[in-house]
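Summary of the model geometry
Residue-level listing of the chains:
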Amino acid sequence: MTSLLASINSPADLRRLPRAQLKLLADELRAYLLDTVSKTGGHLSSNLGTVELTVALHYVFNTPEDRLVWDVGHQTYPHKILTGRRDRMGSLRQLGGLSGFPRREESEYDTFGTAHSSTSISAALGMALAARQKGEDRHAVAIIGDGAMSAGMAFEALNNAGVHDDCKLLVVLNDNDMSISPPVGALNRYLAQLMSGRFYASAKNVGKHVLSVAPPLLELAKRLEAHAKGMVVPATLFENFGFNYIGPIDGHDLESLIPTLENIRQLKGPQFLHVVTKKGQGYKLAEADPIAYHGPGKFDPAMGLQKSAVPAKQTFTQVFGQWLCDMAEQDKRLVGITPAMREGSGMVEFHKRFPERYHDVGIAEQHAVTFAAGMACEGLKPVVAIYSTFLQRGYDQLIHDVALQNLPVVFALDRAGLVGADGATHAGAYDIPFVRCIPNMSIACPADEDECRKLLTSAFEQNHPVAVRYPRGAGAGVEPEAGLQSLPFGKGELRREGSGIAILAFGTLLYPALQAAEKLGCTVLNMRWAKPLDTELLLKVAATHEALVTVEEGAIMGGAGSAVSEALQAAGVVRPVLHLGLRDEFTEHGDPAKLLALQGLDAAGIEASIIARFGELLPLDRPAKVTLKSVA
Ligand SMILES: Cc1ncc(C[n+]2csc(CCOP(=O)(O)OP(=O)(O)O)c2C)c(N)n1
Ligand SMILES: CC(=O)[C@@H](O)[C@H](O)COP(=O)(O)O
Ligand SMILES: [Mg+2]
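The rules behind these values
Numbering of residues begins from 1 in every chain and follows the order in which that chain's sequence is written. Chain A is the first chain written and ligand 1 is the first ligand written, with later ones labelled in order. Owing to the predicted nature of the model, reporting of local features is limited to residues with pLDDT of at least 70; listing and counting of side-chain atom pairs is limited to 80 or more, with chain, interface and lining totals taken over all residues. UniProt positions are given in the numbering used here, feature names are shortened, and annotations may be inferred rather than shown by experiment. In this text, helices come from DSSP runs of H or I with a minimum length of four residues, and strands from runs of E with a minimum of two, each type numbered from the N-terminal end. The quantity called the radius of gyration is restricted to C-alpha atoms. Its globule counterpart is 2.2 Å times the number of residues to the power 0.38. Neighbour counting defines burial: a residue surrounded by 20 or more other C-beta atoms within 10 Å of its own C-beta is buried, one with 12 or fewer is exposed, and intermediate counts give partly exposed, using backbone-placed C-beta atoms. By definition, residues are in contact whenever their C-beta atoms, placed on the basis of the backbone, come within 7 Å of each other. Just so you know, the domain bounds were taken from an automatic or database domain assignment. Residues are grouped as follows: nonpolar covers Ala, Val, Leu, Ile, Met, Phe, Trp, Tyr, Cys and Pro; charged covers Asp, Glu, Lys and Arg; every other residue, Gly included, is treated as polar. Residues are classed as near a molecule or strand if the C-beta position derived from their backbone is within 6 Å of it. Two strands pair under a simple rule: DSSP has to find at least two bridges between them. Fitted lines through C-alpha atoms give the axes, limited to the stretch in contact for helices. The angle between two N-to-C directions lies from 0 to 180 degrees. Oblique is the label for every angle not falling under 35 degrees (roughly parallel), over 145 degrees (roughly antiparallel), or within 65 to 115 degrees (roughly perpendicular).

The name given to the protein chain in an unreviewed UniProt entry is 1-deoxy-D-xylulose-5-phosphate synthase, with Polaromonas aquatica as the source organism. Regarding the protein chain, the UniProt comment filed under Pathway (unreviewed entry) reads as follows: "Metabolic intermediate biosynthesis; 1-deoxy-D-xylulose 5-phosphate biosynthesis; 1-deoxy-D-xylulose 5-phosphate from D-glyceraldehyde 3-phosphate and pyruvate: step 1/1." UniProt, in the comment section headed Sequence similarities (unreviewed entry), describes the protein chain in these words: "Belongs to the transketolase family. DXPS subfamily."

Structural data, given as structure tokens:
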């Protein structure tokens, strides 16, 4: 590592540097970032784009006393490096290592935990008003991307903030004209207008020339404001919301950023700084393809991302993407909806082939759900492809707009279960509990790729809302059958006949459950549906077995196992039931297989839990001793 960056162990060190050295520091920081992220994998393009902005913010603001609140938080690696975590970057997103997002328990500089987007302005406003109430003189700065800015929550916060003339709130809009995919919607068009023509070029000069002569601060602020107002439009959208709009300025030019921020720091009331950056800045391959480098795995920076020589296993996301195209071919009523997750949800091909039936609504999960409801009212068949964790944002819409009206919307719930490196914020832990308690809703849990395709078809055939949940990555590797066959609605199957104990598996944990059952001689049911539950099958098995074990990759509380216990109670059947699933705690980030094992949900863990609880019911010829697996 080069020397200047090595000397920065906190923002206080950074603030001691002469301004002339900051450019060199930023260059070193960018090189270090590329080097470390290429070894760990992680969110690269957005971080390359925020290097100068991060340096400037920590240089001008008195962090951590002044609060920096990052939106999404996927662009906080430079911030982590400058705030005492440089040497731990090699542990990024691994078990026990640094989180890929800000976390309050990780550093006092991480003022607000995040990873879901569009929360920063609300949180920063909360902090600014709390400071005002407590009589503390500090700033709160929200840094939000143009993609995140499109969410309703960001506008709710602007609406609230704009009337607080005496708060010390700055919103920095980091406009790189990209979400994960190309940005969509009218806000994006509007921001492009602000950027258009001669204004942006002149604004760059404001930073270089006007600010460098250093007139008295208040006068300068007035000139800056007048300049911005005069040259953009009579009033920008953000001014109409009560903010003092400044910009756009070049977010890679420290000579613009630093004096502008220094002057804004002197101003009272809600401030809005529009900075323009490039996603992937400084690494040509990422600049050329910011989508590919949004969240790459490990790679050699000299070679860039390479196609693996070994064909990768088909992921559930790919199974969904293929099914969507095939079903769209067959049924013209199908429309596909994504809240800004085209790539992650496997909809690139669908977008290409059916552009009129593809809707990227921006980062707007609530809207995505109600928008689908509207389409369903008109006889279309909407498929909302949404990560389990992001559907949490659209919960009332799910109840009030879809389920209450019993509209036939299919929810393709990707990333259901543990997701690995992104950790607790992205884990799809709660969808079974929160979906199954809603009347009219059903939820399918495919055990493998083939079932995923078939259950999507089953869901699509229904005349009411159905969610199909499947995890990140690949499964058991069961090649989906061609064609659009469905599986019976609400019906499970007997997968292994044993005795004494029956394991009821919901979803992909069927396979480790089968392995455990093989050793213990248990019966195994592949339940397929968390709702409706196949009570006929359940009661049959309950009558012939002494104990039941439920297994699911989701929260135990209120999950599919709870549904089993409720059904037994309702039928007046008394059987001991062991519920295996995600415990009542937030999961860490790290390797998904290790995380699953930590939850006791791999084959060895399932086996060990069954022995621990029901050992005396097992046949005597089972393996003598199984110890609980410990995971490093
Ligand atoms: C509520 C929510 N929906 C979707 C996502 C997934 N997501 C993470 S980053 C991102 C794009 C954000 O774009 P922008 O704010 O412009 O930041 P950039 O990636 O351009 O730096 C999306 C859609 C999320 N984190 N949170
Ligand atoms: C920050 C964010 O929300 C996304 O970039 C997310 O990390 C993508 O996750 P996947 O890699 O599972 O698509
Ligand atoms: Mg962006």
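This next bit is on the overall build of the protein chain. Within the protein chain, the regular secondary structure consists of 26 helices and 17 strands. Rg of the C-alpha trace for the protein chain: 27 Å, near the compact-globule value of 26 Å for 632 residues, within the 12% margin. C-alpha extents for the protein chain along the principal axes are approximately 85 × 55 × 55 Å. Evaluated residue by residue, the protein chain yields a buried proportion of 53% over its 632 residues. When contacts within the protein chain are restricted to residue pairs at least 6 apart in sequence, those whose partners lie at least 24 apart make up 77%.

All right, on to the domain arrangement of the protein chain then. Looking at the assigned domains, one finds that the protein chain contains domain 1 (3-287), domain 2 (316-469) and domain 3 (494-617). A separation of 33 Å is found between the C-alpha centroids of domain 1 and domain 2. On the side of domain 2, 15 residues touch domain 1, which itself brings 18 residues to the contact. Across the side of domain 1 that touches domain 2, the residue classes tally to six nonpolar, eleven polar and one charged.

Once that is clear, we can look at the site of ligand 2. All residues in the neighbourhood of ligand 2 are listed as Val 72, His 74, Ala 115, Ile 180, Gly 295, Gly 344, Arg 415, Val 419, Asp 422 and Arg 472. Considering only residue class, the shell around ligand 2 consists of four nonpolar, three polar and three charged. Two domains share the shell around ligand 2, each providing at least three of its residues, namely domain 1 (3-287) and domain 2 (316-469).

The subject of this paragraph is the UniProt feature "binding site: thiamine diphosphate" (unreviewed entry) in the protein chain. In this numbering, the UniProt entry assigns the feature "binding site: thiamine diphosphate" (unreviewed entry) to His 74, Ala 115, His 116, Ser 117, Gly 147, Ala 148, Asn 176, Tyr 283 and Glu 365. Across 292 residues of sequence, these annotated residues are also dispersed in space, with a maximum C-alpha separation of 31.9 Å. Relative to the helices and strands, His 116 resides in the loop between helix H6 (77-85) and helix H7 (120-134). We classify His 116 as buried; it has 21 C-beta atoms within 10 Å. Following the sequence through the fold, Glu 365 ends up in helix H17 (residues 365-377). The contacts of Glu 365, once residues within four sequence positions are left out, are Pro 339, Ile 386, Phe 390, Leu 391, Arg 393 and Gly 394.

Here we come to the UniProt feature "domain: Transketolase-like pyrimidine-binding" (unreviewed entry) in the protein chain. In the numbering used here, UniProt assigns the "domain: Transketolase-like pyrimidine-binding" (unreviewed entry) feature to residues 314-478. For residues 314-478, helix accounts for 40% and strand for 16%, while the C-alpha atoms at its two ends are 9 Å apart.

In this section: the site of ligand 1. Of all residues adjacent to ligand 1, which total 21 residues, the nearest are Ser 46, Ser 117, Gly 145, Gly 147 and Ala 148. Of the residues in the shell around ligand 1, the class split is eight nonpolar, nine polar and four charged.

So, on to unusual backbone geometry. Residue Pro 248 follows Gly 247 across a cis peptide bond; omega there is -5 degrees. With respect to the secondary-structure elements, Pro 248 resides in strand E4 (residues 244-250). With an omega of -5 degrees, the peptide bond running from Lys 531 to Pro 532 counts as cis. Positive phi outside glycine occurs at Arg 93, with the angle close to 65 degrees. In this fold, Arg 93 is placed in the loop between H6 and H7. Judged by local crowding, Arg 93 falls into the buried class, with 22 C-beta atoms found within 10 Å. Look at Asn 406: it is not a glycine, yet its phi comes out positive at around 50 degrees. You can see Asn 406 is positioned in the loop between helix H19 (395-403) and strand E9 (410-414).

All right, on to the environment of Gln 569 then. Here Gln 569 lies in helix H24 (residues 560-571). Taking the C-beta count within 10 Å as the criterion, Gln 569 has 10 such neighbours and is therefore assigned exposed.

Here the focus is the pairing of strand E8 (residues 381-387). Most of E8 sits out of view: six of its seven residues are buried. Pairing between strand E6 (residues 334-338) and E8: four bridges, direction parallel. Following the sheet pairing, Val 335 is matched in E8 by Pro 382. Note that E8 and E9 share five bridges and pair parallel. Residue pairing across strands places Val 384 opposite Phe 411, the latter belonging to E9.

Take the packing of H17 against H19 next. Between H17 and H19, the least distance of the axes is 9 Å, while the angle of their chain directions is 10 degrees. In terms of orientation, H17 lies roughly parallel with respect to H19. Contact residues: H17 offers Gln 366, Val 369, Thr 370 and Ala 373, while H19 offers Gln 397, Leu 398, Asp 401 and Val 402. Classifying every residue of the contact of H17 with H19 by side-chain character gives four nonpolar, three polar and one charged.

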